[in-house]
Structure formats: C-alpha cells, structure tokens
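What the coordinates show
The chain contents come next:
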Amino acid sequence: MHFVYILHSVKINRFYIGYTSNLDLRMEFHEHAESRKFTYNADDWTLFFTINCGSKSQALAIEKHIKAMKSKVYIENLKKYPEMVEKLLKKYEVFDA
C-alpha cells in the first residue's frame, strides 16, 4: 500500500505532507526526528489525514500536487470534502501497461 499522509502541529500551526509505503514506521521516524529534519521543530505532530493510493507514482504525484498548492485551507478541505480526494486519485491514476 502507498500513502500520502498529512501531519499537523498545533504548536507551530503547520502541516507536513509526505509519502510512505509503511505508515507505522514513518510515524515512528517523525516521533524521533533529528534536529535537521522539519518535523523536529515541534513535538506535537498528529496524523491529520491520509490518502490511500494505488501505486508509488500516484502517491508521489499527489504529494507533489498538495505541496504545490501551498495552502492550509486546501489541506483542510481535503479532509472536509472527500470528492476532492476522489478527483486527485482520478487525475493521477496510473495505468500499468
């Protein structure tokens, strides 16, 4: 399985968007981030939202799209309006030949 995941920190009022194929392992990584990592800046990261993707390339494309939006409102709306996620999954659908 491939996931786009979004973490949120109330402390710094920021979102973090990432990709992983192992969500549990990735969450563990963020809990113990080194000082040079972005998520080190706060200690209250919580899993805000995930998108299950059909392939790594689809997940990476969706991650890139969300990051390019540079919008907290867009991220919040992904959680609020499931049809937005459906459109992203359709837009970046990858067909294996």
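Below you will find a few notes about this structure. Model, not experiment: these values are computed from the prediction. (Residues numbered from 1 in each chain as written. Predicted model: local features only at pLDDT ≥ 70, side-chain atom pairs only at ≥ 80, totals over all residues. Heavy atoms only, no water.)

Details of unusual backbone geometry
Apart from glycine, the bulk of residues carry a negative phi angle, and the bulk of peptide bonds sit in the trans form. Heads up, the rule is: Elements are defined by DSSP. Helices are runs of H or I of four residues or more, strands are runs of E of two residues or more, and each kind is numbered from the N terminus.
Phi at N13 takes a positive value of approximately 50°, unusual for a residue other than glycine. Relative to the helices and strands, N13 is located in the loop between β1 (2-9) and β2 (14-20).

Quick look at the pattern of salt bridges
Quick reminder of the rule: Put simply, a salt bridge is a Lys or Arg side-chain nitrogen that is within 4 Å of an Asp or Glu carboxyl oxygen.
In this structure the tally under the stated criterion is three salt bridges. The salt bridge involving K67 is made with E63; its shortest N-O contact spans 3.0 Å. One end of the pair is K67 and the other is E63, both in helix α2 (residues 56-69) and four residues apart, which spans about a single turn. E93 is the partner of K90 in a salt bridge, and the nearest nitrogen-oxygen pair spans 3.8 Å.

Some remarks on the side chain of H30
This is how it is decided: Between N or O atoms, a polar contact is any pair within 3.5 Å; within protein, one atom must be a potential hydrogen donor and the other a potential acceptor, and residues adjacent in sequence are included only when both atoms are from side chains. Contact between two residues is taken to exist if any of their heavy atoms lie within 4.5 Å; hydrogens are not considered.
On the secondary structure map, H30 appears in helix α1 (residues 23-31). Here Y5 takes part through its side chain, which lies 2.6 Å from a polar atom of the side chain of H30. Other than its neighbours up to four places away in sequence, H30 contacts Y5, L7, Y16 and T39.

Structural notes on the layout of surface pockets
Quick reminder of the rule: Site definitions follow a grid-based scheme: protein atoms alone, a 1 Å grid, a 1.4 Å probe that fits but cannot get out for cavities, and for pockets an open set with protein on both sides within 12 Å along at least five of seven lines, plus lining residues having an atom within 4 Å of a point. Grid points are joined across faces, edges and corners, and a volume is the space filled by probe spheres set on the points. Classification used: nonpolar for Ala, Val, Leu, Ile, Met, Phe, Trp, Tyr, Cys and Pro, charged for Asp, Glu, Lys and Arg, polar for all others including Gly.
Taken as a whole, the largest pocket encloses approximately 240 Å³ of empty space. In this structure, the largest pocket is lined by R14, F15, Y16, I17, F38, I66, K67, K70, S71, K72 and I75. Secondary structure elements with two or more residues in the lining of the largest pocket: β2, α2 and α3 (72-80). The element contributing the most residues to the lining of the largest pocket is β2, with four residues. Per-class residue counts for the lining of the largest pocket are six nonpolar, one polar and four charged.

Some points on α1
Condition: Relative accessibility decides the category of a residue: with a 1.4 Å probe and only protein chains considered, values under 20% of the type maximum give buried, values over 50% give exposed, and everything between is partly exposed. In this description, the arc belongs to the directions extending from the helix axis to the C-beta atoms.
Along α1, the positions that sit buried rather than exposed are L23, M27 and H30. Each buried residue of α1 lies within a common arc of 60° when the element is viewed along its axis, so the set occupies one face. Across from the buried face of α1, at angles greater than 90 degrees, the exposed residues are D24 and L25. Its buried side turned inward, α1 meets β1, β2 and β3 (46-53).

Notes on the sheet that holds β1
Heads up, the condition is: A pair of strands is treated as paired once DSSP finds two or more bridges between them. To obtain an axis, a line is fitted to C-alpha atoms, over the contacting stretch when the element is a helix, and the angle between two such axes runs from 0 to 180 degrees between their N-to-C directions.
Spatially, three strands are ordered β2-β1-β3 in an open sheet, and the strand pairing comes out antiparallel. Each edge of the open sheet carries a strand with a single partner, namely β2 and β3. This sheet shows a mean twist of 20° between the axes of neighbouring strands, independent of strand direction. Pairing of β1 with β3, which is carried by seven bridges, proceeds in the antiparallel orientation. Its bridge partner lying in β3, I6 is registered against F49. Packed on one face of the sheet, α3 meets β1, β2 and β3 and runs near 65° to β3.

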